[in-house]
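Spelled out, the chains give:
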Amino acid sequence: MKEIERIDRCASELKSRFGNLPDRAIILGSGLGDFADRLADAQALPYAEIEGFPRPTVEGHRGELIRGMLSGKPVLVMAGRFHYYEGHPLSTVVFPARVLARAGVKKLFITNAAGGVNTGFSPGDLMLISDHLNIAGTNPLMGDNLDELGPRFPDMSEVYDRDLRELAKNIAKRLGIELKEGVYAWGTGPSYETPAEVRMARALGADAVGMSTVPEAIAANHAGLKILGISLITNMAAGILDQPLHHREVVETAAKAARRFGALVEGILAEMP
Ligand code: HPA
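Residues numbered from 1 in each chain as written. Predicted model: local features only at pLDDT ≥ 70, side-chain atom pairs only at ≥ 80, totals over all residues. Heavy atoms only, no water.

**Q** How do you make sense of the site of the ligand when you look at a structure like this?
**A** Inspection of the region around the ligand gives Ala113, Ala114, Gly115, Tyr192, Glu193, Val209, Gly210, Met211, Thr234, Asn235 and Val250 as its neighbouring residues. A distance of 3.4 Å separates a nitrogen atom of the ligand from a polar atom in the backbone of Ala113. The contact in question runs from a nitrogen atom of the ligand to an N or O atom on the side chain of Glu193, over 2.8 Å. For the ligand, the accessible surface in isolation is 260 Å², of which the surrounding protein chains cover 95%. Of all elements in the fold, only strand E5 (107–116), strand E8 (208–210) and strand E9 (226–236) reach the threshold of two or more residues within the shell around the ligand. If you tally residues by element for the shell around the ligand, the top one is E5, at three residues. (Near = heavy atom within 4 Å. Polar contact = N/O pair within 3.5 Å; in protein donor to acceptor, adjacent residues only side chain to side chain. Areas by Shrake-Rupley, 256 points an atom, 1.4 Å probe, with all protein chains shown as cover. Helix = DSSP H or I, 4+ residues; strand = E, 2+ residues; numbered from the N terminus.)

**Q** Quick question: what am I supposed to make of a nonpolar patch on the surface here?
**A** Taken together, the side chains of Ile135, Met200 and Leu204 make up a nonpolar region of the molecular surface, amounting to roughly 250 Å² of accessible area. Summarising the element assignment, Ile135 is placed in the loop between strand E6 (126–134) and helix H4 (162–175). (Patch = residues over 30% accessible without salt bridge, like charges linked within 9 Å, V, L, I, M, F, W, Y side chains within 5 Å. Salt bridge = Lys/Arg side-chain N within 4 Å of Asp/Glu carboxyl O.)

**Q** What is the right way to read unusual backbone geometry from this model?
**A** Across residues other than glycine, the phi torsion is negative in most instances, and most of the peptide bonds are trans. Of the consecutive residues Gly189 and Pro190, the connecting peptide bond is found in the cis state with omega at 0 degrees. Tracing the backbone shows Pro190 in the loop between strand E7 (180–186) and helix H5 (195–204). In this structure, Asp41 takes a positive phi of about 50 degrees despite not being glycine. Residue placement: Asp41 occurs in strand E2 (residues 40–46). Unlike most non-glycine residues, Ser71 shows phi in positive territory, near 45 degrees. Position of Ser71 relative to the elements: it lies in the loop between strand E3 (64–70) and strand E4 (73–79).

**Q** Hey, could you run me through the pairing of E7 in this one?
**A** Along a regular strand, successive side chains alternate from one face of the sheet to the other. The element E7 is largely enclosed, with a buried count of six among its seven residues. Two elements, E6 and E7, share seven bridges in a ladder whose sense is parallel. Following the sheet pairing, His132 is matched in E7 by Tyr184. One ladder, built from three bridges, connects E7 with E8; its direction is parallel. What sits directly across from Tyr184, in E8, is Ala208. (Buried < 20%, exposed > 50% of the residue type's maximum accessible area, 1.4 Å probe, protein only. Pairing = 2+ DSSP bridges.)

**Q** How should I be thinking about the pattern of salt bridges in this particular structure?
**A** Oppositely charged side chains can form a pair if their charged atoms are brought close together. For the coordinates displayed, the defined rule picks out 17 salt bridges. Notably, a salt bridge pairs Arg162 with Glu158, separated by 3.3 Å at the nearest N-O pair. The closest approach of N and O atoms between Lys169 and Glu181, which form a salt bridge, is 3.1 Å. Of the two residues, Lys169 sits in helix H4 while Glu181 sits in strand E7, which places them twelve residues apart along the sequence.

**Q** What's the story with the packing of H4 against helix H7 (residues 247–271) in this structure? I'm lost.
**A** Each pair of packed helices can be summarised by the angle the axes make with each other and by the distance between the axes. Interhelical geometry of H4 versus H7 gives an angle of 125 degrees and a closest axis separation of 9 Å. Considering their axes alone, H4 and H7 lie oblique with respect to each other. Regarding H4 and H7, the two cross each other, and that crossing is right-handed. Of the residues in H7, those touching H4 at Leu167, Ala168, Ile171, Ala172, Arg174 and Leu175 are Ala263, Leu264, Gly267, Ile268 and Glu271. Each residue belonging to the contact of H4 with H7 can be placed in one class, and the counts come to eight nonpolar, one polar and two charged. (Axes fitted to C-alpha atoms, helices over the stretch in contact; angles between N-to-C directions. Parallel < 35°, antiparallel > 145°, perpendicular 65-115°, else oblique. Left-handed = near helix turned anticlockwise from the far one by under 90°. Contact = heavy atoms within 4.5 Å. Nonpolar A, V, L, I, M, F, W, Y, C, P; charged D, E, K, R; others polar.)

Encoded structure:
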């Protein structure tokens, strides 16, 4: 079966299981694990029940799509994403974003946890993604182009939609939540960066580094979706502070910021035009 047929089969399945699909979807990153609890009338569809949809390999990751209401607006939540470092091919990493696009989603909100590269940042900060740097040395659009989704050589001059960014800033201001802004650099992981790599990322213009988001954003942009991205800075990237980096620190900071991050994300999703 061709890739586009696999994508379209899952998109049809989504539409038949959920009925009318929302025009907005969110990919939950670390720190937003409980975000779906904010939904009213939540209806969950495990990935395992969608024939041809990838399965999460990371223990404890939810792996479901949830349709629900936020302030009276229907939203689709993707709880459990696929990372390149898990060993999935990039076509799998971006598969859900492509399914959402073919199912009629128009706006994709991507969230993640990231390390702060900008020394003006602190753990717990939220960063609106203004642009990204792909320093992973690969690209999810390599291979045959899926002409049904988009062009061979897609424009990337505004991956993160200007109007949605403006909206995010306005809502953050209204809610009294500080929102930094910057460039997110994607490395494959799973090892954290070395201090030299962090200095390189900073010299290249990065404000944060992480192991997700960019593949999904490239594929969603290719498919014509409007994208908004916000990173939760869970730690300062390696070498900035004189201390080693622990996954535990990432998880703890994410948990502490969950309410604030969730409130901002909810406000933005509810007011997306
Ligand atoms: N580097 C890469 N990915 C991350 C980090 C980091 O410091 N923190 C959370 N995700």
